[in-house]
Amino acid sequence: MTDLVDRLADLTAHRDRDVLDASLVSALCELLAPTSVAVHRCVGDENHQRWLTRARMAAGDVAAAADAGWADIDQLPPLDDRPAWRDCLRSQTPLSLEGSPATALFPLATDTGTVGVLELRTERALALADFRSVSSILRLYRNFEGLLDYSERDTLTGLLNRKTFDDAFLKLALPPAGAASAEGERRDLAVPATHYLGVIDIDHFKRVNDNFGHLIGDEVLLLLSRVMRGTFRNHDRLYRFGGEEFVVLMRCADDASAAIAFERLRTNVAQYAFPQVGHITVSVGYTAVNGRDTPSRAFERADRAVYFAKEHGRDQVRSHSALVATGLLEGEHQTGGVELF
């Protein structure tokens, strides 16, 4: 019982979602000494679901490995390629598979639904007491994820909130924790190293609130967040900063690739029919993130680009570096090292 309490304390000691799955598999390795344990998350939209291994440990490993969070989703295993995992996910009930080693699958549930599968391989089938212990740990895991969601998510849209932005931004300089797939091979996919920050602002949003009321305005914000999720990749980080302002942190090969992604969002929003309101547009400004950047410094550049877009016709995407290169904006303003948020 003492070991179990210690492992649960370790599991809930972190306030970092990226560490939570690694802590879960580490705790189960210490408690049950399995052949291997892994957390597999279902990612992608409804018609293009894939498996991303968030954490995996085998006997003798000193740390958990994982698929790179920035991996190309098309190179991840499709949902139907792992039928046992798929069945556990969809049935939302644990499954026991005979074999050597024996395999137990547990659905990973959050307050918003079942999002993945815990795979536990052992030399012999799990004893009933161990089965119950794992189920209890997963209930705690669900509750803790719910607390993280409550503290990290915007309550209206479900996107990340502003207070999580700084931590995520500062992690951009860190190398990925691991890139081992579910079968143990690495997925080094020649991933580029450049990150981009985009600021998205709804054009004339005050008119929406004035003409249709704040409830309809909130519906526009919620639907826009869904368009954003459908436009960007599963590993791109999407934020609502408040009001009609949204932020994206994403990894791209170059400025042209970032422009294509943001232009795709602008087009998708312009073509979407919002109930009662009809069509709206967005203005977007973006910038590359460099190694000297603070969160406020990079945000200021993108914000200046989106301000330029709004002052020059709206419904457009503007690159800060391109505006500076053509003389339409002055070079970067210095903020004196003072963080703005």
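Just so it is clear, the structure is predicted and the values come from calculations on it, not from any experiment. (Residues numbered from 1 in each chain as written. Predicted model: local features only at pLDDT ≥ 70, side-chain atom pairs only at ≥ 80, totals over all residues. Heavy atoms only, no water.)

**Student:** Give a detailed account of the overall build of the protein, specifying residues and quantitative values.
**Tutor:** Looking only at helices and strands, the protein features 10 helices and 11 strands. A burial count over the protein gives 46% of its 341 residues as buried. Considering only residue pairs separated by 6 or more positions, the protein has 63% of its internal contacts joining residues 24 or more positions apart. Summed over its atoms, the accessible surface of the protein is roughly 16,900 Å², and 51% of this surface lies on carbon and sulfur atoms. (Helix = DSSP H or I, 4+ residues; strand = E, 2+ residues; numbered from the N terminus. Buried < 20%, exposed > 50% of the residue type's maximum accessible area, 1.4 Å probe, protein only. Contact = heavy atoms within 4.5 Å. Areas by Shrake-Rupley, 256 points an atom, 1.4 Å probe, with all protein chains shown as cover.)

**Student:** Please give an account of the sheet that holds strand E5 (residues 113–122) that cites residues and values.
**Tutor:** Taking strand neighbours across the sheet as the criterion, the 5 strands line up as E2-E1-E5-E4-E3 in an open arrangement whose pairing is antiparallel. Either end of the sheet is taken by a strand with one partner, and the two such strands are strand E2 (50–58) and strand E3 (95–97). Shown here is a sheet whose adjacent strand axes are inclined to one another by a mean of 20 degrees, direction ignored. Two strands pair when backbone bridges link them, and strand E1 (residues 36–43) and E2 are joined in this way by 8 bridges, in the antiparallel orientation. The partner of Val-37 across the bridge, within E2, is Met-57. Its contacts with the sheet place helix H3 (residues 83–91) against E1, E2, E3, strand E4 (102–110) and E5, and it is angled at close to 130 degrees to E5. Packing against the sheet, helix H4 (residues 128–152) makes contact with E1, E3, E4 and E5, and its axis sits at approximately 25 degrees to E4. (Pairing = 2+ DSSP bridges. Axes fitted to C-alpha atoms, helices over the stretch in contact; angles between N-to-C directions.)

**Student:** So what's going on with unusual backbone geometry? Residues and values would help.
**Tutor:** Residue Ser-100 is joined to Pro-101 through a cis peptide bond whose omega torsion reads 5 degrees. Inspection of the secondary structure assignment puts Pro-101 in the loop between E3 and E4. Located in the positive-phi region is Ala-33, a residue other than glycine, with phi close to 50 degrees. Considering the arrangement of structural elements, one finds Ala-33 in the loop between helix H2 (17–32) and E1.

**Student:** Just give me the short version of the pattern of salt bridges, but keep the residues and values in it.
**Tutor:** Scanning the model with the defined rule gives 14 salt bridges in all. Note that Arg-54 is salt-bridged to Asp-21, the shortest N-O span being 2.9 Å. With a gap of 33 residues between them, Arg-54 in strand E2 and Asp-21 in helix H2 connect regions that are remote in the sequence. A salt bridge links Asp-87 to Arg-86, with the shortest nitrogen-to-oxygen separation between them at 3.1 Å. Judged by its relative accessible area of 19%, Arg-86 falls in the buried class. (Salt bridge = Lys/Arg side-chain N within 4 Å of Asp/Glu carboxyl O.)

**Student:** Residue-level account of helix H8 (residues 255–271), with values.
**Tutor:** Taking 1.5 Å of rise per residue, 17 residues should cover 24 Å, and H8 covers 24 Å from first to last C-alpha, within 8% of that figure. Taken residue by residue, H8 has Ala-258, Ala-261, Phe-262, Leu-265, Arg-266 and Val-269 as its buried positions. Burial along H8 is one-sided: seen end-on, the buried residues are contained in an arc of 135 degrees. Those residues of H8 that are exposed and angled more than 90 degrees off the buried face are Ile-260 and Gln-271. Looking at the buried residues of H8, the elements they touch are strand E7 (194–202), helix H7 (214–231), strand E9 (245–252), strand E10 (282–289) and strand E11 (317–319). (Expected span 1.5 Å × (residues − 1). Arc of directions from axis to C-beta.)

**Student:** Break down the packing of helix H6 (residues 205–212) against H7 for me, citing the residues and quoting the values.
**Tutor:** Contact pair H6 / H7: the axes reach a minimum separation of 7 Å and the direction vectors enclose 140 degrees. One element, H6, and the other, H7, form an angle in the oblique class. Contacts from Phe-205, Val-208, Asn-209 and Phe-212 in H6 reach His-214, Ile-216, Gly-217, Val-220 and Leu-221 in H7. Residues of the contact of H6 with H7, tallied by class, amount to 6 nonpolar, 3 polar and no charged. (Parallel < 35°, antiparallel > 145°, perpendicular 65-115°, else oblique. Nonpolar A, V, L, I, M, F, W, Y, C, P; charged D, E, K, R; others polar.)

Structural measurements only, silent on function.
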